[in-house]
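Spelled out from the first residue to the last, the chains are:
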Amino acid sequence: MRRLPVTLAMALSLVAGGLLPGHAGETLLTIAGAVENTNREAFNPFFDGFLKYHDKEFDKAFVFDAEALAALPQQSIRVNADTEDWPGVLSMEGPLLKDVIAAAGAEGRGLTVYALDGFGLEMNAERIAAHDWVLAMKVNGEPLGIGGLGPLWLVYDTGDRVAVEDEEKTWVWSVFYIEAE
């Protein structure tokens, strides 16, 4: 019997168990483009006004609400950066990016992670593999909210090391959309 990779088996069980609903909760993250799994309808210019504002259209997509993201294995990390306003070591928690994209069946050549303000970080397979990227949902135990740094913040563990400013610039905050290639 052939064994499925853990992340794929986990994603399939979550979908089968109804833990990854299309619109059961408020959508925090949409993954579109080269996705194998879908749980929502195609782009609708009327109901997807914010996506339309950002010129994001798609035929198929996979969405996550807070419950679906929390159902994935959570990673607790420590993050610190050498920037003017950084407050010191932050404890962050959320699912690994690779688990999130695996659940959507978006394990392709690369992706672009978009923030609410339109900033997009292109990530090729090498950049994705370079770190255990986390889509943080909580900082110091508190959920990230829209209007601050949420709903999600793409970061990786720095442990006791302080990241330089150029490194910190790759940590996308206010993530809401991922375009998979």
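The model shown is predicted, which means the values in this text are computed figures rather than measured ones.

*Asks:* How should the nonpolar core be read in this particular structure?
*Replies:* If you look at the biggest cluster of nonpolar residues, it comprises 45 residues, and the most contacted ones within it are Ile 31, Phe 64, Met 92, Trp 153, Leu 154 and Trp 171. A per-element tally of this core places helix H4 (residues 97-104) first, with 5 residues. Core analysis: the next-biggest nonpolar cluster, separate from the first, contains 8 residues, Ala 32, Phe 58, Tyr 114 and Tyr 177 among them.

*Asks:* What's the story with the pairing of strand E2 (residues 61-65) in this structure? I'm lost.
*Replies:* Every other side chain in a regular strand lies on the same face of the sheet, so the side chains alternate between the two faces. Of all 5 residues making up E2, 5 are buried, and the element is well covered by its neighbours. Relative to E2, strand E1 (residues 27-33) is paired through 5 bridges, and the arrangement is antiparallel. Looking at E2, one finds that Thr 30 is bridged to Val 63.

*Asks:* Can you walk me through the packing of aromatic side chains in this structure?
*Replies:* Each aromatic ring pair is described using two quantities: the centre-to-centre distance and the angle formed by the ring planes. Counted by the stated rule, this structure contains 12 aromatic pairs. Judged by centre distance (4.9 Å) and plane angle (85°), the ring pair of Phe 46 and Phe 47 falls under edge-to-face. Taking the centre distance of 5.3 Å and the plane angle of 65° together, the rings of Phe 50 and Phe 176 count as edge-to-face. Within this pair, whereas Phe 50 is found in helix H2 (residues 49-53), its partner Phe 176 is found in strand E11 (residues 173-180), the two being separated by 126 residues in sequence. Residue Phe 50 is classed as partly exposed on the basis of its relative accessible area of 40%. Phe 176 gets classed as buried once you look at its relative accessible area, which sits at 8%. Here a set of aromatic residues connected by ring pairs shows up, and it is made of Phe 43, Phe 50, Tyr 53, Phe 58, Tyr 114, Phe 176 and Tyr 177. One cation-aromatic arrangement involves Lys 56 over Tyr 114; the distance from NZ or CZ to the ring centre is 3.6 Å.

*Asks:* Would you take a moment to explain the environment of Lys 60 for this structure?
*Replies:* Relative to the elements of secondary structure, Lys 60 occurs in the loop between H2 and E2. Residues Lys 60 and Ile 31 lie 29 residues apart in sequence; the distance between their C-alpha atoms is 8.8 Å. Excluding residues within four positions of it along the chain, Lys 60 makes contact with Ala 32, Gly 33, Val 35 and Thr 38. Within the structure, the side chain of Lys 60 is placed 2.9 Å from the backbone oxygen of Val 35, a separation counted as a polar contact.

*Asks:* I would appreciate a short explanation of the pattern of salt bridges in the present structure.
*Replies:* Inspection of every chain in the model, using the stated rule, returns 5 salt bridges. A salt bridge links Arg 78 to Asp 160; the nearest nitrogen and oxygen atoms lie 2.8 Å apart. In this pair, Arg 78 is assigned in strand E3 (residues 74-79) and Asp 160 in the loop between strand E10 (152-155) and helix H6 (165-168), connecting sequence segments 82 residues apart. For Arg 78, a relative accessible area of 37% gives the class partly exposed. The partner of Glu 167 in a salt bridge is Arg 161, with the nearest N and O atoms 2.8 Å apart. Residue class for Arg 161 comes out partly exposed when judged on its relative accessible area of 40%.

*Asks:* Hey, could you run me through the sheet that holds E3 in this one?
*Replies:* Paired through backbone hydrogen bonds, the strands of a sheet run either parallel or antiparallel to each other. Judged by pairing direction, the sheet is antiparallel, and its 4 strands sit side by side in the order E3-E4-E8-E9 without closing on themselves. Two strands bound the open sheet, and with one partner strand each, they are E3 and strand E9 (142-143). Pairing of strand E4 (residues 90-95) with strand E8 (residues 138-139), which is carried by 2 bridges, proceeds in the antiparallel orientation. Within E8, the residue paired with Glu 93 across the bridge is Lys 138.

*Asks:* Would you mind showing me how to read H4 here?
*Replies:* Because the α-helix completes a turn every 3.6 residues, residues three or four places apart line up on one side. For H4, the tally of buried residues reaches 7 of 8 residues, placing the bulk of the element in the interior. Considered for burial, the residues of H4 that qualify are Leu 97, Asp 99, Val 100, Ile 101, Ala 102, Ala 103 and Ala 104. Immediately downstream of H4, the backbone of Gly 105 shows phi near 70°, a positive value.

What counts, and where the lines are drawn
- Residues numbered from 1 in each chain as written.
- Predicted model: local features only at pLDDT ≥ 70, side-chain atom pairs only at ≥ 80, totals over all residues.
- Heavy atoms only, no water.
- Core = buried A, V, L, I, M, F, W, Y, C linked by side-chain atoms within 4.5 Å.
- Buried < 20%, exposed > 50% of the residue type's maximum accessible area, 1.4 Å probe, protein only.
- Helix = DSSP H or I, 4+ residues; strand = E, 2+ residues; numbered from the N terminus.
- Pairing = 2+ DSSP bridges.
- Phe/Tyr/Trp six-rings, centres within 6.5 Å; stacked < 30°, edge-to-face > 60°.
- Lys NZ or Arg CZ within 6 Å of the ring centre and 35° of its normal.
- Contact = heavy atoms within 4.5 Å.
- Polar contact = N/O pair within 3.5 Å; in protein donor to acceptor, adjacent residues only side chain to side chain.
- Salt bridge = Lys/Arg side-chain N within 4 Å of Asp/Glu carboxyl O.

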